[in-house]
Amino acid sequence: MKNSLRKFAVLTVAAGVAMTASACSGSTSSEAASASAPAAASAPAAESAAPAESLPPFWYINVLQSYDLYNQAQALFEESAGAIGYEANTAGSAKVDVPEQITLIKQAIASDAKVIIYCNLDPATYDATIKEAQAKGIVMITTGGCVDEVSDYSIGTDNATFGESAAQAIADQLSPDAKIIVFATNESVPNQVAQINAFKDYAAANFPGMEVVSVEYTNADAAEAATKIASAVTAYPEANAFWFVEGAGLSAVPKSLEQAGKKPGEIFVLGVDSTPETLAAVEDGWVSSTIAQCFFYATPFAAELGLKKLNGEGPTQQSWPVGVVPVSKADLPFAGCPESAYPTLN
């Protein structure tokens, strides 16, 4: 599989960086803007830009280039380079691909990276590569739902909190006795497994009538999700709720449910993230609510942590949780994640 490699030496950017959502759903471009996208935490202002040749090379490894929000995270990483003071390099995968992601990390290591920001999809598999980089003095930072305890810093959604928030949202907005079909990427994505287990544990303790009747795997592919949705509607007529722990398959919901003879809201759908397409589906009623993850807009913070670590000023705190925000139709237009959702060094 081909991967994309890009290199930037950005000398100046505005001190306050904000990236907005692409108007084209599923786009791999992050150039288009939407006023409803979550705002990013501002990058620190630089007093003066350093010469390009003196900037330490940082890498952002994009885990899913077909997903708009990961491209926004990458764009923020690129645009913040001058303000924070690093050379921005990027690489990415067209689909969720653990072996390719590890190969890209190794390429960054071989390219004399000083900081690598990535998503640790499987801590057991990534462990040796992470430690190899750290032995060379490279600062390793994982983001997203891919939290771990081995990277220098782990910045992202707390998986237990995410699962518990989903169970509470379904209980509050539908019923504590809901019968739920979960749609996930595959069985080998540990953060999603952790989220689903947290959901089940929280439901068992608080909503004994709530039940996960099936977990369907879409491989983060909308076409595969469409097939799984259609078959699930027939196979589990008792199910009155869908919960998506991955966002790519969520785009198949409106058309798939309509083709199955369902009306908006007939099946409660809890989504994930705040892509323009998902927010449009919330507006139209096909998606009942979504849980916006704010970590996509925290890449400047991750880069700032990396630079401090390189300069011997890095904090000892390893885990930095980033908040989530439930979004229903009443919350539209979505104003974005509040500043309180983001970690700070102050």
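Residues numbered from 1 in each chain as written. Predicted model: local features only at pLDDT ≥ 70, side-chain atom pairs only at ≥ 80, totals over all residues. Heavy atoms only, no water.

Novice: Help me out: how do you make sense of the state of the cysteines in this one?
Specialist: Working definition of a disulfide: a covalent bond connecting the sulfur atoms of two cysteines. If you walk through the whole model with that rule in mind, you get 2 disulfides. The disulfide partner of Cys119 is Cys146, and the gap between their sulfur atoms is 1.7 Å. Taking the sign of the S-S torsion, 40 degrees for the link of Cys119 and Cys146, the bridge is right-handed. Of this pair, Cys119 sits in the loop between β4 (115-118) and α4 (123-135) while Cys146 sits in the loop between β5 (139-144) and β6 (153-156), and the two are 27 residues apart along the sequence. You'll find Cys119 and Cys146 in the same group, each marked buried. Note on cysteine connectivity: Cys294 is disulfide-linked to Cys337, with sulfurs 2.1 Å apart. Taking the torsion about the sulfur-sulfur bond, which here is approximately -90 degrees, the covalent link between Cys294 and Cys337 counts as left-handed. Residue Cys294 is located in the loop between β11 (289-293) and α10 (299-310), and its partner Cys337 is located in the segment after β13 (324-328); the two are separated by 43 residues in the primary sequence. The connectivity of the disulfides in the chain is 1-2, 3-4, where the numbers refer to bonded cysteines in sequence order. (Disulfide = S-S within 2.5 Å. Helix = DSSP H or I, 4+ residues; strand = E, 2+ residues; numbered from the N terminus. Buried < 20%, exposed > 50% of the residue type's maximum accessible area, 1.4 Å probe, protein only.)

Novice: What am I meant to see in empty space enclosed by the protein here?
Specialist: A full pass over the atoms with the stated rule returns 3 cavities of 30 Å³ or more. In this structure, the largest cavity is lined by 26 residues; those nearest its centre are Tyr70, Asn191, Gln192, Val245 and Glu246. The element best represented in the lining of the largest cavity is helix α6 (residues 190-206), accounting for 3 residues. The residue inventory of the lining of the largest cavity, partitioned by class, reads 16 nonpolar, 8 polar and 2 charged. Considered as a void within the structure, the second largest cavity measures approximately 40 Å³ in volume. (1 Å grid on protein atoms, 1.4 Å probe; cavity = no way out; pocket = protein on both sides within 12 Å on 5 of 7 lines; lining within 4 Å. Points joined across faces, edges and corners; volume = space filled by probe spheres on them. Nonpolar A, V, L, I, M, F, W, Y, C, P; charged D, E, K, R; others polar.)

Novice: Help me out: how do you make sense of the nonpolar core in this one?
Specialist: Burial of nonpolar side chains together is a common tendency in soluble globular proteins. Of all hydrophobic cores here, the largest spans 80 residues; its most connected members are Ile116, Ile155, Ile229, Phe242, Leu257 and Val269. Contact partners of Ile116, with chain neighbours within four places excluded, come to Trp59, Ile61, Ile105, Ala108, Ile109, Ile138, Val139, Met140 and Ile141. One finds Ala166, Ala203, Ala241 and Ile291 within the second-largest nonpolar core, a separate group that totals 22 residues. (Core = buried A, V, L, I, M, F, W, Y, C linked by side-chain atoms within 4.5 Å. Contact = heavy atoms within 4.5 Å.)

Novice: It is not clear to me how the pairing of strand β10 (residues 268-272) should be interpreted in this structure. Could you clarify?
Specialist: The side chains of a regular strand alternate between both faces of the sheet. Within β10, 5 of the 5 residues are buried, which leaves the element mostly enclosed by the surrounding structure. The side-chain alternation of β10 yields two buried faces, one formed by Phe268, Leu270 and Val272 and the other by Val269 and Gly271. In the sheet, strand β9 (residues 241-244) pairs with β10 via 3 bridges, with the strands oriented parallel. Within the sheet, the bridge partner assigned to Trp243 lies in β10 and is Leu270. Handedness of the crossover joining β9 and β10 through helix α8 (residues 253-259) is recorded here as right-handed. Bridge count between β10 and β11: 3 bridges; the pairing is parallel. Residue Leu270 lies in a different strand from β11, and its bridge partner there is Ser289. Crossover β10 to β11 through helix α9 (residues 276-284) is right-handed. (Pairing = 2+ DSSP bridges. Right-handed = clockwise from strand over helix to strand, strands pointing away.)

Novice: What is the right way to look at helix α1 (residues 68-79) in this model?
Specialist: Each α-helix winds once per 3.6 residues, and so residues spaced three or four apart point in a common direction. A rise of 1.5 Å per residue sets the reference length of α1, with its 12 residues, at 16 Å; its end C-alpha atoms lie 16 Å apart and thus fit the reference within 8%. α1 sits mainly inside the fold: 11 of its 12 residues count as buried. Burial in α1 covers these residues: Asp68, Leu69, Tyr70, Asn71, Gln72, Ala73, Gln74, Ala75, Leu76, Phe77 and Glu78. (Expected span 1.5 Å × (residues − 1).)

Novice: Could you clarify how one ought to interpret the confidence of the model for the chain in this entry?
Specialist: When pLDDT is low, close inspection of the predicted coordinates is not appropriate. Put simply, the chain has an average pLDDT of 86, and 85% of its residues get 70 or more. Considering only residues more than four positions removed or in separate chains, one finds that residues 1-39, a stretch of pLDDT under 50, has 114 contacts. pLDDT under 50 marks residues 41-50. Its contacts with residues more than four places away, or in other chains, come to 24 contacts. (pLDDT = per-residue confidence, 0-100.)

Novice: For this particular structure, what's the right way to read the side chain of Thr157?
Specialist: Considering the arrangement of structural elements, one finds Thr157 in the loop between β6 and α5 (159-173). With a relative accessible area of 1%, Thr157 lands in the buried category. Sequence-distant contacts of Thr157, defined by excluding residues within four places in its chain, comprise Gly144, Gly145, Val147, Phe162, Gln293, Phe295, Val322 and Val324.

Novice: Honestly, the sheet that holds strand β7 (residues 179-184) in this entry has me stumped. Any pointers?
Specialist: Overall, mixed pairing links the 6 strands, which are arranged β8-β7-β9-β10-β11-β13 in an open sheet. Either end of the sheet is taken by a strand with one partner, and the two such strands are β8 (211-217) and β13. Strand-to-strand twist in this sheet, taken as the mean axis angle between neighbours without regard to direction, amounts to 20 degrees. As paired elements, β7 and β9 share 4 bridges and run parallel to each other. Along β9, the bridge assignment pairs Ile180 with Ala241. Together, β7, β9, β10, β11 and β13 form the strand contacts of α5, whose direction differs from that of β10 by roughly 155 degrees. (Axes fitted to C-alpha atoms, helices over the stretch in contact; angles between N-to-C directions.)

Novice: Would you mind going over the side chain of Ser256 with me for this structure?
Specialist: Structurally, Ser256 can be placed in helix α8. Take Ser256: its relative accessible area is 7%, and that puts it in the buried class. Among the polar contacts made by the side chain of Ser256, one reaches the main-chain carbonyl oxygen of Ala252 at a distance of 2.7 Å. Setting aside chain neighbours within four positions, we find Ser256 in contact with Ala226 and Ile229. (Polar contact = N/O pair within 3.5 Å; in protein donor to acceptor, adjacent residues only side chain to side chain.)

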